[in-house]
Structure formats: C-alpha cells, structure tokens
Amino acid sequence: MTQTILVKAGQTYDGGGNTIIASGMGDGSQAEDQKPIFRLENGAVLKNVKIGAPGCDGVHVYGNATLENVQWPDVGEDAMTLKSKGTVTLTNCVAQKAYDKILQINADGTIILNNFKATTFGKVLRTNGSGQYAVTVTINGGTFSGGTNIVCTESVNLRVRYRNITTSSVTKLWEVPNSSQVSTY
Ligand code: ADA
Ligand code: CA
Ligand code: CA
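Description of the structure in this document. (Residues numbered from 1 in each chain as written. Chains lettered and ligands numbered in written order. Predicted model: local features only at pLDDT ≥ 70, side-chain atom pairs only at ≥ 80, totals over all residues. Heavy atoms only, no water.)

Examining the overall build of the protein
Then, in step 1: Check the secondary structure of the protein and you find zero helices and 15 strands.
Then, in step 2: Here the C-alpha atoms of the protein give a radius of gyration of 15 Å, agreeing with the 16 Å that 2.2 N^0.38 yields for 185 residues.
Then, in step 3: Counting contacts in the protein only where the partners sit at least 6 residues apart, residues at least 24 apart contribute 44% of the total.
Then, in step 4: Of the roughly 7900 Å² of accessible surface on the protein, a fraction of 43% belongs to carbon and sulfur atoms.
Then, in step 5: Taken together, the 16 basic and 14 acidic charged side chains of the protein have centroids lying 6 Å from each other. (Helix = DSSP H or I, 4+ residues; strand = E, 2+ residues; numbered from the N terminus. Rg over C-alpha atoms; globule rule 2.2 N^0.38 Å. Contact = heavy atoms within 4.5 Å. Areas by Shrake-Rupley, 256 points an atom, 1.4 Å probe, with all protein chains shown as cover. Lys, Arg positive; Asp, Glu negative; His and termini not counted. Charge placed at Lys NZ, Arg CZ, Asp CG, Glu CD.)

Written out as structure tokens, the structure is:
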C-alpha cells in the first residue's frame, strides 16, 4: 500500500483481518509529517484490520468515527490522531510497541475506549502540547501494561472517567493538571 486509504463520510472499511503494510509513506519513527495509513471522514467506521510496521502516522480522524478490532502491533509516530472535533469510539483495539504516543488529540472531542489493550507505550492518550482542548475520555475496561501514562495532558478542560481497567508497570496513570479531572464511574 503506497497511499492513504480514504474512508469517506458514513462509509465502512472492513479489513477482514488483513494486515496493511505501507511503503513510501514514512518509516514509523518519531519523525513528524509521515502519512496516515487511513483517513477517516465524519461518521466513518474502520474495522478488523492490522496496521503493520511501518505504522507511519496511523489513522487520522476528522469528526466522528468508530474503530473496532483495529490492531497496531508496532505503532509508528502515533496510532490515531483526532484532527477535528468529534466523538471517536475504539472498541476491542490493540496497540503495541509505541515509542511515545498512541492516541494524539489535536482537537476538542470525546474519546471512548472499550476494552482497549496497550502494551509498551509512552502515553496512551496525549493532547497536543499546551492546548486547552475540551476532551472527555471514557475508559470502559482494558489492559494497560508497560508505559509512562494512560493520559497525559496540559489541558484543564479534559476529563477522564474510567472503570474496570487492569494496569501493570505504568509509572503514573494520569498526568493531568488537577487530580479532580479524573474519576471512576
Ligand atoms: C507533536 C508535534 C505536533 C503534532 C503532533 C502530532 O506533538 O509537536 O505539532 O505534529 O506531534 O499530531 O503528531
Ligand atoms: Ca507527533
Ligand atoms: Ca503524528
């Protein structure tokens, strides 16, 4: 695959369990400006696909989207980026070997993780720099092992709600300006 796969507004891409290997779109390092493997427009659904190495810039989301059984066995620069305001639901997704970030949040939004599995990472979710994004993160089940933070943000406008999670060897679960931004539900 040599070009970003566009999933248009309201459409579904079902990978049928196949692995996508990119070529000429980036090396999966920490260099910025690699190409995304997928670009999801508003209301798109991406399911049953493995994004193999090089993971490049992963999945870019513009608006609302649903990701189901998407696996990143070797995350590239990052795995998924929210590029414009929306609600993104990730169900039964797996991300491994992320040198730094898995979910990069560059807009206001709602991120729902249902049974997310992350192994070896810097941050599972990071809002961009010092941006004061209004973000609601809901984590419903999941396993997080070997990393620095599940959420790392400088935004005072981010809230995390979580339940039923299993963690091991995560240095500090929530790196947020104020601990009151985090609660169970
Ligand atoms: C870094 C970089 C941002 C943006 C982001 C991303 O945080 O400083 O400008 O490129 O990565 O979306 O990967
Ligand atoms: Ca980056
Ligand atoms: Ca990126």
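A short note on the coordination of the calcium ion (ligand 3)
Octahedral six-donor coordination of a metal ideally yields angles of 90 or 180 degrees, compared with 109.5 degrees for tetrahedral four-donor coordination.
Then, in step 1: Distances from the calcium ion (ligand 3) to its protein donors, Asp 57 (OD), Asp 57 (OD), Glu 77 (OE), Asp 78 (OD) and Asp 78 (OD), fall at 2.3 to 3.1 Å.
Then, in step 2: Angles of 45 to 164° at the metal separate the six donor atoms of the calcium ion (ligand 3), which places the site in the irregular class.
Then, in step 3: Each donor residue of the calcium ion (ligand 3) lies on one chain, and together they are spaced D-x19-E-D.
Then, in step 4: Accessibility expressed as a relative area gives 2% for Glu 77, which makes it buried. (Donors = N, O, S within 2.8 Å, 3.2 Å for Na, K, Ca; no water. Tetrahedral: all angles 85-135°; square planar, octahedral: opposite > 155°, others 65-115°. Buried < 20%, exposed > 50% of the residue type's maximum accessible area, 1.4 Å probe, protein only.)

Looking at the site of ligand 1
Then, in step 1: Near ligand 1 you find Glu 32, Glu 77, Asp 78, Lys 101, Gln 104, Asn 106 and Asn 128, and these make up its full shell.
Then, in step 2: Taken by itself ligand 1 offers 310 Å² of open surface, and the protein chains cover 60% of this. (Near = heavy atom within 4 Å.)

Quick notes on the coordination of the calcium ion (ligand 2)
Then, in step 1: Looking at the metal site, the calcium ion (ligand 2) is ligated by Glu 32 (OE), Glu 32 (OE), Glu 77 (OE) and Glu 77 (OE), spaced 2.4 to 2.8 Å from it.
Then, in step 2: Coordination at the calcium ion (ligand 2) is irregular, judged from the six donor atoms that bind it and the angles of 49 to 161° they form at the metal.
Then, in step 3: The metal-metal distance between the calcium ion (ligand 2) and the calcium ion (ligand 3) is 3.6 Å, with Glu 77 coordinating both. Residue Glu 32 is located in the loop between strand S2 (12-20) and strand S3 (38-40), and its partner Glu 77 is located in the loop between strand S6 (65-72) and strand S7 (80-84); the two are separated by 45 residues in the primary sequence.
Then, in step 4: Owing to a relative accessible area of 54%, Glu 32 belongs among the exposed residues under this scheme.

A closer look at the environment of Thr 89
Then, in step 1: With respect to the helices and strands, the residue Thr 89 is situated in strand S8 (residues 86-91).
Then, in step 2: Along the primary structure Thr 89 and Asn 114 are separated by 25 residues, whereas in three dimensions their C-alpha atoms are 7.6 Å apart.

Describing the packing of aromatic side chains
Then, in step 1: Enumeration over the complete set of coordinates arrives at three aromatic pairs.
Then, in step 2: Aromatic pair Phe 116 and Phe 144: ring centres 6.5 Å apart, planes at 15°, arrangement stacked. Of this pair, Phe 116 sits in strand S11 (residues 109-127) while Phe 144 sits in strand S12 (residues 135-152), and the two are 28 residues apart along the sequence.
Then, in step 3: On the accessibility criterion, Phe 144 (0% relative accessible area) is buried.
Then, in step 4: Here Tyr 162 and Trp 174 contribute two aromatic rings whose centre-to-centre distance is 4.9 Å and whose plane-to-plane angle is 35°, an arrangement assigned as tilted. Of this pair, Tyr 162 sits in strand S13 (residues 158-170) while Trp 174 is found in strand S14 (residues 174-175), placing the two residues twelve residues apart along the sequence.
Then, in step 5: Judged by relative accessible area, Trp 174 falls into the buried class, the value being 14%. (Phe/Tyr/Trp six-rings, centres within 6.5 Å; stacked < 30°, edge-to-face > 60°.)

Some remarks on the environment of Ala 22
Then, in step 1: Position of Ala 22 relative to the elements: it lies in the loop between S2 and S3.
Then, in step 2: Sequence spacing of Ala 22 and Val 156 is 134 residues, and the spatial spacing of their C-alpha atoms is 37 Å.
Then, in step 3: In contact with Ala 22, not counting residues within four places along its chain, are Met 1, Ile 37, Pro 54 and Cys 56.

Comments concerning the pairing of S13
Moving residue by residue along a regular strand, the side chains alternate between the two faces of the sheet.
Then, in step 1: One ladder, built from eleven bridges, connects S12 with S13; its direction is parallel. Residue pairing in the sheet places Thr 138 in a bridge with Arg 161 of S13.
Then, in step 2: In this sheet, strand S15 (residues 182-184) lies alongside S13 in parallel orientation, the contact comprising three bridges. Counterpart to Arg 161 in the pairing with S15 is Ser 183. (Pairing = 2+ DSSP bridges.)

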